[in-house]
Amino acid sequence: MWHLDRRTRIVGIIRGGSRATTATLARELGVSRETVRRDLLSLEAEGLVQRVHGGAIAPEGSEEAPFDRRRRVFWSEKIAIGRKAARIIADGQIVFIDAGTTTLAFAEALADRPSVKVVTNSIGVAQRLGSQAVLLGGSINSDVPATFGELTLAEIERFQTDIAFISPVAIEPSAGVMNFALHEAEIARAMIRGAGKTALLADHSKFGTRSRVNICRLDAIDIIVTDRPPGPAYDSIVERVVCD
């Protein structure tokens, strides 16, 4: 991989989750940690990232990458995650699904499971599933095509579901499960409270990273569905990890 392509991917990973460790970047890009450190030095000099101990974060004042751009990142992995997640739902169950790029991929798999009913704040998920889904009311955020706010939170409380499927932007054993924005984290927390079990849908780039707002501790999660084994630190905390 040419260094310009590599550095573009580094910026995308960091801005997508707001933080990434040197080890995570090296593993993702298939290069040494020293190569990543040199890239981070150059990117910091350009103002594109801010180096911190063990990795880098998005520079102050930077915004999360636009939703449509994030949707294209690791799309094939997200489709695979969605198919795996669909297999853990029994016919006739009702599930919460929050708004995110991975849950859009998940909706593709659920379209073949008409007996599964979905309650979601994601406009894209509701559009894909049609009468199979209930779209929660609320205010529409300008970046993420979904409903948020007090009305959305109140409507979530009306439902008791079998599983909540959450798509965070960052997962780290000690810090827990995180999102970029407070209003997104509030929706995820409310769905977790109203579900019998909670499943995380996350591609490998989300692990070992941190973001701005905490959703819950990792031990509050029952199932992780991902594309690669996240490591023993996660296996020892979460009851079940689905990655094959």
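Residues numbered from 1 in each chain as written. Predicted model: local features only at pLDDT ≥ 70, side-chain atom pairs only at ≥ 80, totals over all residues. Heavy atoms only, no water.

**Student:** A description of the sheet that holds strand 11 (residues 176-179) should follow, citing residues and the corresponding values.
**Tutor:** Spatially, 10-11-13 is the arrangement adopted by the 3 strands of the open sheet, whose pairing is antiparallel. Both outer strands of the open sheet, strand 10 (170-172) and strand 13 (213-216), are each paired with one neighbouring strand and no more. In this sheet, adjacent strand axes meet at a mean angle of 35° when their direction is disregarded. In this sheet, strand 11 lies alongside strand 10 in antiparallel orientation, the contact comprising 3 bridges. Following the sheet pairing, E172 is matched in strand 11 by G176. (Pairing = 2+ DSSP bridges. Helix = DSSP H or I, 4+ residues; strand = E, 2+ residues; numbered from the N terminus. Axes fitted to C-alpha atoms, helices over the stretch in contact; angles between N-to-C directions.)

**Student:** Mind laying out the environment of N214, listing which residues take part and the relevant values?
**Tutor:** Within the element layout of this structure, N214 appears in strand 13. Separated by 46 residues in the primary sequence, N214 and P168 have C-alpha atoms spaced 9.6 Å apart. Apart from residues lying up to four places away in sequence, N214 is in contact with A175, G176, V177, M178, A185 and R189. Within the structure, N214 has its side chain in polar contact with the backbone oxygen of A175 (distance 2.9 Å). (Contact = heavy atoms within 4.5 Å. Polar contact = N/O pair within 3.5 Å; in protein donor to acceptor, adjacent residues only side chain to side chain.)

**Student:** Can you lay out the packing of aromatic side chains for me, pointing to particular residues and giving the numbers?
**Tutor:** Within the structure shown, the criterion is met by 2 aromatic pairs. Measuring from ring centre to ring centre gives 4.7 Å for F106 and F165, while their planes differ by 50°; the resulting arrangement is tilted. Linking F106 in helix 6 (residues 101-110) with F165 in strand 9 (residues 161-166), this pair joins segments that are 59 residues apart in sequence. Comparing F106 with F165, the two get one shared label, buried. Taken together, a centroid distance of 5.1 Å and an interplanar angle of 85° make the contact between F207 and Y234 edge-to-face. Residue F207 is found in the loop between strand 12 (195-201) and strand 13, and its partner Y234 is found in helix 10 (residues 232-235); the two are separated by 27 residues along the sequence. A relative accessible area of 4% means that F207 is categorised as buried. For Y234, a relative accessible area of 5% translates into the label buried. (Phe/Tyr/Trp six-rings, centres within 6.5 Å; stacked < 30°, edge-to-face > 60°. Buried < 20%, exposed > 50% of the residue type's maximum accessible area, 1.4 Å probe, protein only.)

**Student:** Could you give an account of the pairing of strand 11, naming the residues involved and the relevant values?
**Tutor:** Connecting the antiparallel pair strand 10 and strand 11 is a turn made up of 3 residues. As paired strands, strand 11 and strand 13 are joined by 3 bridges and run antiparallel to one another. Residue M178 lies in a different strand from strand 13, and its bridge partner there is N214.

**Student:** Describe helix 2 (residues 22-29), and please don't skip the residues or the numbers.
**Tutor:** Burial runs high along helix 2: 6 of the 8 residues are buried. Of the residues making up helix 2, those classed as buried are T22, T24, L25, A26, E28 and L29.

**Student:** Please set out the packing of helix 5 (residues 75-86) against helix 6 residue by residue, giving values where relevant.
**Tutor:** It is at 7 Å that the axes of helix 5 and helix 6 come closest, and there the two elements cross at 55°. Classified by the angle their axes make, helix 5 and helix 6 are oblique. Classified by chirality, the crossing of helix 6 by helix 5 is right-handed. Here W75, K78, I79, I81, G82, R83, A85 and A86 of helix 5 come into contact with helix 6, specifically with T101, T102, L104, A105, F106, E108, A109 and L110. (Parallel < 35°, antiparallel > 145°, perpendicular 65-115°, else oblique. Left-handed = near helix turned anticlockwise from the far one by under 90°.)

**Student:** Please give an account of the side chain of T209 that cites residues and values.
**Tutor:** Looking at the secondary structure, you find T209 in the loop between strand 12 and strand 13. Residue classification places T209 among the buried positions, given a relative accessible area of 1%. What T209 contacts, discounting residues up to four positions off in sequence, is R19, A20, V169, A170, I171, E172 and M178.

Take it as geometry only, folks, not as evidence of what the structure does.
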